Amino acid sequence: MKSKKLEELSKIASTCTKCKLSTTRTNVVFGEGNPEAELMFIGEGPGKQEDLTGRPFIGKAGDVLTRLIEVGMQVPRSKVYIANITKCRPTINLQMVKDRPPDTEETKACSPYLVQQIEIIQPKVIVTLGNPSTKFLLNTADGITKIRGQWFEYNSIPVLPTYHPSYILRNNTEAIKKDVWEDFQKVMEKLNWPIKTKIKWKENGE
Ligand code: URA
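All of the points below concern the structure found in this document.

Calculation notes
- Residues numbered from 1 in each chain as written.
- Predicted model: local features only at pLDDT ≥ 70, side-chain atom pairs only at ≥ 80, totals over all residues.
- Heavy atoms only, no water.
- Helix = DSSP H or I, 4+ residues; strand = E, 2+ residues; numbered from the N terminus.
- Buried < 20%, exposed > 50% of the residue type's maximum accessible area, 1.4 Å probe, protein only.
- Lys, Arg positive; Asp, Glu negative; His and termini not counted.
- Salt bridge = Lys/Arg side-chain N within 4 Å of Asp/Glu carboxyl O.
- Contact = heavy atoms within 4.5 Å.
- Axes fitted to C-alpha atoms, helices over the stretch in contact; angles between N-to-C directions.
- Parallel < 35°, antiparallel > 145°, perpendicular 65-115°, else oblique.
- Left-handed = near helix turned anticlockwise from the far one by under 90°.
- Polar contact = N/O pair within 3.5 Å; in protein donor to acceptor, adjacent residues only side chain to side chain.
- Expected span 1.5 Å × (residues − 1).

### Let's talk about the side chain of Glu50
With respect to the secondary-structure elements, Glu50 resides in helix α2 (residues 48-53). In this structure Glu50 is buried but unpaired, with Arg89 as the nearest side chain of opposite charge at 6.8 Å. If sequence neighbours within four positions are ignored, Glu50 has contacts with Val29, Arg55, Pro56, Phe57, Ile58 and Gly59.

Here it is as structure tokens:
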């Protein structure tokens with residue numbers, strides 16, 4: 001039932017022309033994972049690899065997220081659901097070279113897809129990754145550094161904002177990695193998932 005509804009929505013999104021990002025995209029990156037997921041991650045928008053393949057979080061930032069899920073949480077990535085605020089790749093001057101966060105107009109045009117995804121999946125917990133998804137979902141102007149690691153709610157669903165994986169890669173400090181892993185452990189606790197392991201990071205921050 002949920003998967004059917006997601007499929008139908010994905011089909012509609014696949015031909016979307018509601019904003020200018022539709023003019024440069026290779027693929028719409030709708031989102032992927034378990035339609036019955038207890039846990040949903042929300043990023044900002046597809047990057048190069050995601051645009052080329054149509055799959056969310058499969059580039060460098062995706063490696064970090066996948067590692068946090070599979071090595072840290074010890075669950076297969078396919079057990080959760082992963083989506084973004086914008087389903088098409090936002091780039092500076094629409095040149096498809098350098099990524100940027102989605103602008104207000106793009107967020108307004110695209111976010112109804114995300115809202116419907118959440119309505120269909122009804123996850124028990126949502127993790128927002130970075131500023132754009134946090135600000136949108138929590139309707140806040142507060143920055144991620146201020147509010148990460150704290151519980152909020154979106155339509156009665158607990159939401160925990162944490163750093164975006166790209167931010168972890170860019171900074172790669174022990175303090176940030178410790179914060180992020182603490183946030184993930186809070187999520188596991190909330191979901192009653194067993195915490196079996198300490199995360200091992202790679203030298204480059206992944
Ligand atoms: N960054 C995001 O926010 N989403 C992706 O899918 C990839 C990178």
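Next comes the rest of the description.
### Examining the packing of helix α3 (residues 60-72) against helix α8 (residues 174-190)
Across the interface, α3 lies against α8 with an axial gap of 11 Å and an inter-helix angle of 55°. One way to sum up the angle between α3 and α8 is to call them oblique. In terms of crossing hand, the pair formed by α3 and α8 is right-handed. Residue-level contacts link Leu65, Leu68 and Gly72 of α3 to Val180, Trp181, Phe184 and Met188 of α8.

### A few points about the environment of Arg100
Within the secondary structure, Arg100 sits in the loop between β3 (81-84) and α4 (104-121). Classification of Arg100 by relative accessible area gives buried; the value is 18%. With sequence-adjacent residues up to four places away left out, Arg100 is seen in contact with Lys20, Leu21, Glu44, Pro90, Thr91, Ile92, Leu94 and Glu106. Within the structure, Arg100 has its side chain in polar contact with the side chain of Glu106 (distance 2.8 Å).

### Things to note about α3
Here α3 contains 13 residues, and its C-alpha end-to-end distance of 17 Å stays within 8% of the 18 Å for a straight helix at 1.5 Å per residue. Within α3, burial applies to Ala61, Gly62, Val64, Leu65, Thr66, Leu68, Ile69 and Gly72. The secondary structure elements touched by the buried residues of α3 are β2 (39-43), β3, β4 (125-129), α7 (165-171) and α8. Note on α3: the residue one or two positions beyond its end, Gln74, has a positive phi of about 60°.

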